[in-house]
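Structural description and commentary
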Amino acid sequence: MATRDLSFPRIEGQASRQAHCDLPEGTFERELGREGFFGPATQMYHSHPPTGWLDWSGPLRPRCFDLNKLGDTDIFFWDAPLILHNASVRVRQWRCNTNMDHLVRNADGDDLLFIHQGGGEVYCDYGHMDYAAGDYIVLPRSTMWRIEPATPTTLLAIECTSGAYRLPERGLVGHQAQFDRAILDTPKIDAAFRAQQDENEWRVHIKRRNQLSSVHYPFNPLDAVGWQGELSPVRINVKDIRPLTSHRYHLPPSAHTTWVGNRFVVCTFLPRPFESDPGALKVPYFHNNDDYDEVLFYHAGDFFSRDNIDAGMMTWHPCGFTHGPHPKALQHMFEQKKPMTDEVAVMLDTRDPLDMGEAAAEIEWPAYAQSWRTGEEPMRPPEIPHKAAE
Ligand SMILES: [Fe+2]
């Protein structure tokens, strides 16, 4: 049966005709959006910050986890604490200081490793690469691998369960935008790789359906002498990602998508100039992302839209409530003290609800939901020139 879309643009009361720009005097904009900034959306203009709540009760609330407090090091990779998960994605943090004397293989899906701290060498079926803080490494499903840290290493492992990581469509900006595919590094069959090949006994610990099996070899199975094909681990450092910006328009988070998984995306927020047009918003607008759970991991820098958030922390904004910049960040926007952001953060947006892993409850900052409170007086934007909408 043919169907007709329920959505078409209408305008009611005082509103700007251009989202995120030229807000009516003294208003706070909120986007009510579907399908993760791609679907039907309405911009609403409020007289109070939409995060100016007094209190929360019930299971739905914004949450914050301090992953710096997960102190276990050199535990087995498959025992790394599970922070958040659903049927499509599992997020864990792993710390490793010493060389792995075994191999691991994930038969449940691709793993995306994000190196938060440390550096060293990674050896896998396909050869050898080094790694450093800020690297993303995509390990295709069932790749055998191990690492040799040169410095203590902390990484996020984001599993794309039953799926493969892909690159986003770049559309009108072309597929060289943000990074050229030529800049993705792949493992090398080099001297270091050949040097680790031996006739000693090695074990491979395989995860399949979240159950572990072990294979015992009388030699190191990372013994390839060469390969050709289009399937391989890839590595890119966040320094090689060139963010899209507009000086007149605050781009939505989806513009910063780096990886597309199965029912989730991973985006990277990088240092970039603030919008300079007087009428353009300079911080993320208040929004309900009404089909997605949103997770942010703060890697480095000064997190411009968040107060009291340090590197190594993770926030989780489940679908179902409005969120946006913290009060101080909003004030800084009005004062326009900084020319550009200085943040590196990894965002995970999932189409299906996430659940907390056991480790998350122990490191939660319970007062996070109150962190938008602004004190006795409701926060008002200072007198700065706004172009009033017609
Ligand atoms: Fe959000």
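Residues numbered from 1 in each chain as written. Predicted model: local features only at pLDDT ≥ 70, side-chain atom pairs only at ≥ 80, totals over all residues. Heavy atoms only, no water.

Some points on the overall build of the protein
Which entries qualify depends on this criterion: Each helix is a run of H or I in the DSSP string that is no shorter than four residues. Each strand is a run of E no shorter than two, and both are numbered from the N terminus. Exposure classes here rest on a 1.4 Å probe applied to the protein chains alone. A residue is buried below 20% of its type maximum, exposed above 50%, and partly exposed in between. It only takes one pair of heavy atoms within 4.5 Å for two residues to be counted as in contact. Residue burial considers only the protein chains on display, and all accessible areas are found by Shrake-Rupley using a 1.4 Å probe. Note that His is not counted, nor are the chain ends; the positive residues are Lys and Arg, and the negative ones are Asp and Glu. Lys charges are placed at NZ, Arg charges at CZ, Asp charges at CG and Glu charges at CD.
Summing up its helical and strand segments, the protein has 3 helices and 20 strands in all. Dimensions along the principal axes, computed over C-alpha positions, put the protein at roughly 75 × 50 × 45 Å. Split into buried and exposed, the 390 residues of the protein put 52% on the buried side. Of the contacts formed within the protein by residues at least 6 apart in sequence, a portion of 74% connects residues at least 24 apart. Of the roughly 19100 Å² of accessible surface on the protein, a fraction of 50% belongs to carbon and sulfur atoms. Of the side-chain charges in the protein, 38 are positive and 54 negative, and the distance between the mean point of each set is 3 Å.

Quick look at the environment of valine 283
Tracing the chain through its elements places valine 283 in the loop between strand E15 (264–269) and strand E16 (286–289). As for valine 283 and leucine 251, which are separated by 32 residues in sequence, their C-alpha atoms are 9.9 Å apart.

Thoughts on the packing of aromatic side chains
Filter applied, for reference: Between the rings of Phe, Tyr and Trp (Trp by its six-membered ring), a pair exists once the centres lie within 6.5 Å; its type follows the angle of the planes, with under 30 degrees stacked, over 60 edge-to-face, and the other angles tilted. Each ring is checked for a lysine NZ or an arginine CZ that lies within 6 Å of its centre and within 35 degrees of its normal; such an atom marks a charge sitting over the ring.
Counted by the stated rule, this structure contains 19 aromatic pairs. Ring geometry for phenylalanine 77 and tryptophan 78: centres 4.8 Å apart, planes at 65°, overall edge-to-face. Neither residue differs from the other here; phenylalanine 77 and tryptophan 78 are each classed as buried. Its end group placed over the ring of phenylalanine 77, arginine 92 keeps NZ or CZ at 4.5 Å from the ring centre.

Observations regarding the sheet that holds strand E3 (residues 63–66)
Rules: Between any two strands, pairing holds if DSSP finds at least two bridges. Each axis is a line fitted through C-alpha atoms, taken for helices only over the stretch in contact, and angles between the N-to-C directions span 0 to 180 degrees.
Strand order in the open sheet formed by 6 strands is E3-E18-E17-E19-E15-E14, with antiparallel pairing between adjacent strands. This sheet does not close on itself; its edge strands, each paired only once, are E3 and strand E14 (257–260). Taking each pair of neighbouring strands and ignoring which way they run, the sheet shows an average axis angle of 20°. Pairing of strand E17 (residues 293–302) with strand E18 (residues 313–317), which is carried by 4 bridges, proceeds in the antiparallel orientation. What sits directly across from phenylalanine 297, in E18, is methionine 314.

Observations concerning the pattern of salt bridges
For clarity, the cut-off: What makes a salt bridge here is a side-chain nitrogen of Lys or Arg within 4 Å of a carboxyl oxygen of Asp or Glu, nothing more.
Scanning the model with the defined rule gives 14 salt bridges in all. Between aspartate 108 and arginine 208 there is a salt bridge whose closest N-O contact spans 3.9 Å. Taken together, the residues aspartate 108 in the loop between strand E6 (103–106) and strand E7 (109–124) and arginine 208 in strand E11 (residues 202–208) connect sequence positions 100 residues apart. The buried category is assigned to aspartate 108, whose relative accessible area is 5%. Residue arginine 208 is classed as partly exposed on the basis of its relative accessible area, which comes to 44%. Here arginine 248 ties to aspartate 277 by a salt bridge, and the two come within 2.7 Å at their closest N and O atoms. Of this pair, arginine 248 sits in the loop between strand E13 (234–237) and E14 while aspartate 277 sits in the loop between E15 and E16, placing them 29 residues apart in sequence. A relative accessible area of 48% means that arginine 248 is categorised as partly exposed.

Quick look at the coordination of the iron ion
Filter applied, for reference: Donor atoms: N, O and S within 2.8 Å of the metal, or within 3.2 Å for Na, K and Ca. Because water is excluded, sites can look incomplete. Only four donors with every angle between 85 and 135 degrees are called tetrahedral; only four or six donors with opposite donors over 155 degrees apart and all others between 65 and 115 are called square planar or octahedral, in that order; all others are irregular.
Every protein donor of the iron ion is accounted for by His287 (NE2), Glu294 (OE), Glu294 (OE) and His323 (NE2), and the metal-donor separations fall at 1.7 to 2.5 Å. Of note is the iron ion, whose 4 donor atoms meet at the metal with angles of 57 to 156° in an arrangement that counts as irregular.

Quick word on the confidence of the model for the protein
Rules: Per-residue confidence from the predictor is reported as pLDDT, which spans 0 to 100.
Model confidence for the protein is summarised by a mean pLDDT of 91, while 94% of its residues fall at 70 or above. Note on residues 376–390: pLDDT under 50 across the span, and 29 contacts to partners over four residues away in sequence or across chains.

Notes on the side chain of histidine 128
Applied cut-off: Nitrogen and oxygen atoms within 3.5 Å of one another constitute a polar contact, given that in protein one can donate a hydrogen and the other can accept it, and given that sequence-neighbouring residues count only through two side-chain atoms.
Following the sequence through the fold, histidine 128 ends up in strand E8 (residues 127–131). A relative accessible area of 11% places histidine 128 in the buried class. Of the polar contacts made by the side chain of histidine 128, one reaches the side chain of glutamate 121; its length is 2.6 Å. Polar side-chain contacts of histidine 128 include one of 2.8 Å to the side chain of aspartate 190. Excluding anything up to four places from it in sequence, histidine 128 contacts Glu121, Val122, Tyr123, Pro187, Lys188, Asp190, Ala192 and Phe193.

Quick word on unusual backbone geometry
Where the residue is not glycine, phi is negative for most of them; where a peptide bond is considered, it is trans in most cases. Although it is not a glycine, serine 142 adopts a positive phi angle of roughly 75°. Assignment of secondary structure puts serine 142 in the loop between strand E9 (135–139) and strand E10 (144–161). Positioned with a positive phi, asparagine 210 is a non-glycine residue whose angle comes to about 60°. Topologically, asparagine 210 is positioned in the loop between E11 and strand E12 (211–217). Among the residues examined, asparagine 210 registers a relative accessible area of 43% and is labelled partly exposed.

Regarding the sheet that holds strand E1 (residues 28–33)
Reading across the sheet, the 3 strands line up as E2-E1-E16 and stay open at both edges, with mixed pairing between neighbours. Of all strands in the sheet, those bounded by a partner on one side alone are strand E2 (41–46) and E16. Strand-to-strand twist across the sheet, computed as the mean angle between neighbouring axes with direction ignored, equals 20°. Pairing between E1 and E16: 4 bridges, direction parallel. Looking across to E16, one finds that glutamate 31 is bridged to histidine 287.

Some thoughts on the pairing of E9
The element E9 is largely enclosed, with a buried count of 5 among its 5 residues. Burial of E9 is two-sided: the residues Asp135, Ile137 and Leu139 facing one way and the residues Tyr136 and Val138 facing the other way are all buried. Relative to E9, E7 runs antiparallel, the two being bridged by 4 bridges. When the bridges of E9 are listed, leucine 113 appears paired with isoleucine 137. Two strands pair when backbone bridges link them, and E9 and E13 are joined in this way by 4 bridges, in the antiparallel orientation.

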